[in-house]
Amino acid sequence: EAAVTQSPRNKVAVTGGKVTLSCNQTNNHNNMYWYRQDTGHGLRLIHYSYGAGSTEKGDIPDGYKASRPSQENFSLILELATPSQTSVYFCASGGRERDTEVFFGKGTRLTVV
Amino acid sequence: GQQVQQSPASLVLQEGENAELQCNFSSTATQLQWFYQRPGGSLVSLLYNPSGTKHTGRLTSTTVTKERRSSLHISSSQITDSGTYFCAMEEDTGYQNFYFGKGTSLTVIP
């Protein structure tokens, strides 16, 4: 069973603080993704990665950094959190080959106050 | 960037009725996947269907790649089918970006 684990599941941060959201996958997938989900916007791609050491900008990368230190781990970093970054964040993993599915973690609810 | 349009935005059905959800995209898709999400829940993969027709249980997906569209048919809807259905696609550009539509909110009533 494909597994993507996110931590923490819930986080309250202060404006201007640093937040790190972590994601671990045991699927041996090359590709990993970070999305945020907001009412009225659906899911929007923030950053993604093709493999260890690579990070690429998605559609809304401003205010976010990403890190892929290994095949299994992909982090999303908010260096200076703002209230507009309050959202639910989802991590996903998928294979490099075209004929592979994408699997999602359970999400992290982030509130920036 | 890639555009993924889903219709209808919302749908209310009586239990037992069938549902037809549509997904249209602006460029050729190499992957097409349908997801389900309960309010406050995560995304659960329903069907992976980049082309052709696939079935699982009461769900049938048909993707016509050349016409850049996919549909999800839910037969004999149940109250527990209520939630939001998303289609997501990866475009054929060599860059592996996975894009989502805004979803169809389905409510099944007794």
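Sequence positions are assigned chain by chain, starting from 1 and proceeding in written order. For naming, the first written chain is A and the first written ligand is 1, with later ones following in the order written. With pLDDT at 70 or above as the cut-off, local features in this predicted model cover only qualifying residues; side-chain atom pairs require 80 or more to be listed or tallied, and sums for whole chains, interfaces and linings still use all residues. Side-chain metrics in this entry use all non-hydrogen atoms of the structure; hydrogen atoms and water are not considered.

S.K.: Kindly report on the overall build of chain A, identifying the contributing residues and their values.
M.R.: Starting at the N terminus, helices and strands are each numbered in turn, a helix being any DSSP run of H or I of at least four residues and a strand any DSSP run of E of at least two. If you tally the helices and strands in chain A, you get zero helices and 11 strands. Along chain A, helices and strands appear, N-terminal first, in the series β-β-β-β-β-β-β-β-β-β-β. By the compact-globule yardstick of 13 Å for 113 residues, chain A fits well, its C-alpha radius of gyration being 13 Å. Taking the principal axes of its C-alpha atoms as reference, chain A extends roughly 40 × 30 × 25 Å. Any residue under 20% of the maximum accessible area for its type is buried, any over 50% is exposed, and the rest in between are partly exposed; the area is computed with a 1.4 Å probe on protein chains only. Taken over 113 residues, chain A has a buried fraction of 53%. Once local pairs closer than 6 in sequence are excluded, the contacts in chain A between residues at least 24 apart make up 54%. What the globule rule says is 2.2 Å times the number of residues to the power 0.38, and the radius of gyration is computed from C-alpha atoms. Only heavy atoms matter for contacts: two residues are in contact if any of them lie within 4.5 Å across the pair.

S.K.: Lay out unusual backbone geometry with the relevant residues and their values.
M.R.: Here Ser7(A) and Pro8(A) are connected by a cis peptide whose omega angle stands at -10°. Take Pro8(A): it is sitting in the loop between strand 1 (4-7) and strand 2 (10-13). The linkage connecting Ser7(B) with the following residue, Pro8(B), adopts the cis geometry, with an omega of -10°. With respect to the secondary-structure elements, Pro8(B) resides in the loop between strand 1 (4-7) and strand 2 (10-14). A positive phi is found at Asn28(A), a non-glycine position, where the angle reads about 60°. In this structure, Arg68(B) is a non-glycine residue whose phi angle is positive, near 55°.

S.K.: Can you explain the pairing of strand 5 (residues 42-49) of chain A? Please cite residues and give values.
M.R.: The buried fraction of strand 5 of chain A amounts to seven of the eight residues, a majority that puts the element mostly inside the structure. Should DSSP find at least two bridges between two strands, the strands are taken to pair. Hairpin connection of strand 5 of chain A to strand 6 (residues 56-57) of chain A: six residues between the antiparallel strands, including Gly53(A) at a positive phi of 90°.

S.K.: Mind laying out the state of the cysteines, listing which residues take part and the relevant values?
M.R.: When two cysteine sulfur atoms are found within 2.5 Å, that pair is recorded as a disulfide. Scanning the entire structure with this criterion turns up two disulfides over all chains. Paired by a disulfide, Cys23(A) and Cys91(A) hold their sulfur atoms 1.9 Å apart. Of note, the bridge from Cys23(A) to Cys91(A) carries an S-S torsion of about -80° and is left-handed in sense. Taken together, the residues Cys23(A) in strand 3 (residues 19-25) and Cys91(A) in strand 9 (residues 87-94) connect sequence positions 68 residues apart. Its relative accessible area of 3% is what places Cys23(A) among the buried residues. On the basis of relative accessible area, Cys91(A) is assigned to the buried category, the value being 0%. Residue Cys23(B) pairs covalently with Cys87(B) via a disulfide, S to S 1.8 Å. Across the disulfide from Cys23(B) to Cys87(B), rotation about the S-S bond amounts to roughly 60°, and the bridge is consequently right-handed. Of the two residues, Cys23(B) sits in strand 3 (residues 19-25) while Cys87(B) sits in strand 9 (residues 83-91), which places them 64 residues apart along the sequence. Across the pair, Cys87(B) and Cys23(B) agree in class, each one buried.

S.K.: Break down the environment of Phe74(A) for me, citing the residues and quoting the values.
M.R.: Residues and elements named next belong to chain A. Mapped onto the elements, Phe-74 comes out in strand 8 (residues 73-78). Residue classification places Phe-74 among the buried residues on the basis of a relative accessible area of 0%. In the structure, Phe-74 is positioned 36 residues away from Leu-110 in sequence and 17 Å away in space, judged by C-alpha atoms.

S.K.: Residues and numbers for a nonpolar patch on the surface, please.
M.R.: Together, Val12(A), Val14(A) and Val113(A) make up an exposed nonpolar region whose accessible area comes to about 300 Å². With respect to the helices and strands, the residue Val12(A) is situated in strand 2. Grouping into patches uses exposed residues only, defined as over 30% relative accessible area, and leaves out salt-bridged ones; the cut-off is 9 Å for like charges and 5 Å for nonpolar side chains (Val, Leu, Ile, Met, Phe, Trp, Tyr). The Shrake-Rupley method, run with a 1.4 Å probe, gives the accessible areas here. Residue values count only the displayed protein chains as cover. One speaks of a salt bridge when a side-chain nitrogen belonging to Lys or Arg is within 4 Å of a carboxyl oxygen belonging to Asp or Glu.

S.K.: Pulling in residues and values, what's your account of the pairing of strand 4 (residues 31-38) of chain A?
M.R.: Residue and element names in this part refer to chain A. In terms of burial, strand 4 is a largely internal element, eight of the eight residues being buried. Across the two faces of strand 4 the burial is the same, with Asn-31, Tyr-33, Tyr-35 and Gln-37 and Met-32, Trp-34, Arg-36 and Asp-38 all buried. With seven bridges joining them, strand 4 and strand 9 adopt antiparallel strand pairing. Paired with Gln-37 across the strands is Val-88, a residue of strand 9. As paired strands, strand 4 and strand 5 are joined by seven bridges and run antiparallel to one another. Note that in strand 5 the partner of Asp-38 across the bridge is Gly-42. Hairpin remark: strand 4 followed by strand 5, antiparallel, with three residues in the connecting loop; positive phi at Gly-40, about 90°.

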